[in-house]
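Coordinates in review
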Amino acid sequence: MKDKFLQIAIKAIPEKGLERSLDLGPEWFSRWRGEDPGLEFSTARIKGTLRLEKHGRDILVRGTLTGQLQLSCSRCLENYEAPVAGDFDLLLAPAPGRVSGEAEELSAADLDVDYYSGDVLDLEPIIREQIILLMPLKPLCTEECQGICPRCGAVLNLEACTCK
Ligand SMILES: [Zn+2]
Ligand SMILES: [Zn+2]
């Protein structure tokens, strides 16, 4: 089931732009996990704001996201809560093929460009992608995490082992 909140009719975006605040809690994330079991975090809470502006046929989406993701440490494999924050600017252009060769009205040089089709914007995949981009490449519960002993499997943050 689609989240109506993130489906925005293009007609409904006024000239002065449209602002939405986001508060994505466990329900939203568990639905996502249901559709994408490979998701690399468990519970999460993300808040943020979105602003949509029309520029001719293009739509500029600016967002800020902050919150926590529960990640698994890449060294010791324990779960931990990671604070995350970021913002993004994304230009949505009409999908190629539907446009009659009109020039884009914003210079897309330094913006990420994505495409939309139809009369309703589905922001859900955009938000999901932006949340994935907030994840650290190599999650660590602490910089000093000692990881797991490759011989005996002891979690070295919690216990010393007698290997070596
Ligand atoms: Zn760790
Ligand atoms: Zn050991």
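Above this text is the structure in question.
Now for a quick tour of the structure.

So, the pattern of salt bridges
On inspection of all chains with the given rule, the structure shows 9 salt bridges. The partner of aspartate 23 in a salt bridge is lysine 47, with the nearest N and O atoms 3.9 Å apart. With aspartate 23 in strand 2 (residues 18–24) and lysine 47 in strand 3 (residues 41–55), the pair connects residues that are 24 residues apart, well separated along the chain. Overall, the relative accessible area of 42% leaves aspartate 23 in the partly exposed class. One salt bridge connects glutamate 35 with arginine 31, and the closest N-O pair in it is separated by 4.0 Å. With glutamate 35 and arginine 31 both in helix 1 (residues 26–35) and 4 residues apart, the pair spans about one turn of that helix.

What to know about the coordination of the zinc ion (ligand 2)
Within the protein, Cys149 (SG), Cys152 (SG), Cys161 (SG) and Cys163 (SG) serve as the donor atoms for the zinc ion (ligand 2), at 2.3 to 2.4 Å. Coordination geometry of the zinc ion (ligand 2): the 4 donor atoms subtend angles of 107 to 113 degrees at the metal centre, consistent with an arrangement described as tetrahedral. Positions of the donor residues of the zinc ion (ligand 2), expressed as sequence spacing, correspond to C-x2-C-x8-C-x1-C.

Considering the packing of aromatic side chains
Aromatic ring pairs are reported here in terms of the distance separating the ring centres and the angle at which the planes meet. As enumerated under the stated definition, the model contains 5 aromatic pairs in all. A ring pair is formed by tryptophan 28 and tryptophan 32, whose centres lie 5.6 Å apart and whose planes are at 65 degrees; its orientation type is edge-to-face. One end of the pair, tryptophan 28, and the other, tryptophan 32, are both in helix 1, 4 residues apart, so they sit about a helical turn from each other. For tryptophan 32, a relative accessible area of 2% puts it in the buried group. A centroid spacing of 5.6 Å and a plane angle of 80 degrees characterise the contact between tryptophan 32 and phenylalanine 41, whose relative ring orientation is edge-to-face.

Parameters and conventions
- Sequence positions are assigned chain by chain, starting from 1 and proceeding in written order.
- Each chain takes a letter, starting from A, and each ligand takes a number, starting from 1, following the order in which they are written.
- Totals for whole chains, interfaces and linings use every residue, but because this is a predicted model, local features are given only for residues with pLDDT of at least 70 and side-chain atom pairs only at 80 or more, for both listing and counting.
- Side-chain calculation: all heavy atoms of the structure are included, whereas hydrogens and water are not.
- Salt bridge criterion: a side-chain nitrogen from Lys or Arg within 4 Å of a carboxyl oxygen from Asp or Glu.
- Helix and strand definitions follow DSSP, with helices as H or I runs of at least four residues and strands as E runs of at least two, each counted in order from the N terminus.
- Type-normalised accessible area, obtained with a 1.4 Å probe on protein chains alone, sets the label of each residue: buried when under 20%, exposed when over 50%, and partly exposed for intermediate values.
- Coordination partners: N, O, S within 2.8 Å of the metal, 3.2 Å for Na, K and Ca; water not considered, so apparent gaps in a site are possible.
- A four-donor site is called tetrahedral if each angle lies between 85 and 135 degrees; a four-donor site is square planar, and a six-donor site octahedral, when trans pairs exceed 155 degrees and the remaining angles lie between 65 and 115; all other cases are labelled irregular.
- Each Phe, Tyr or Trp ring (for Trp, its six-membered ring) is paired with any other whose centre lies within 6.5 Å, and the angle between the two planes then decides the class: stacked below 30 degrees, edge-to-face above 60, tilted in between.

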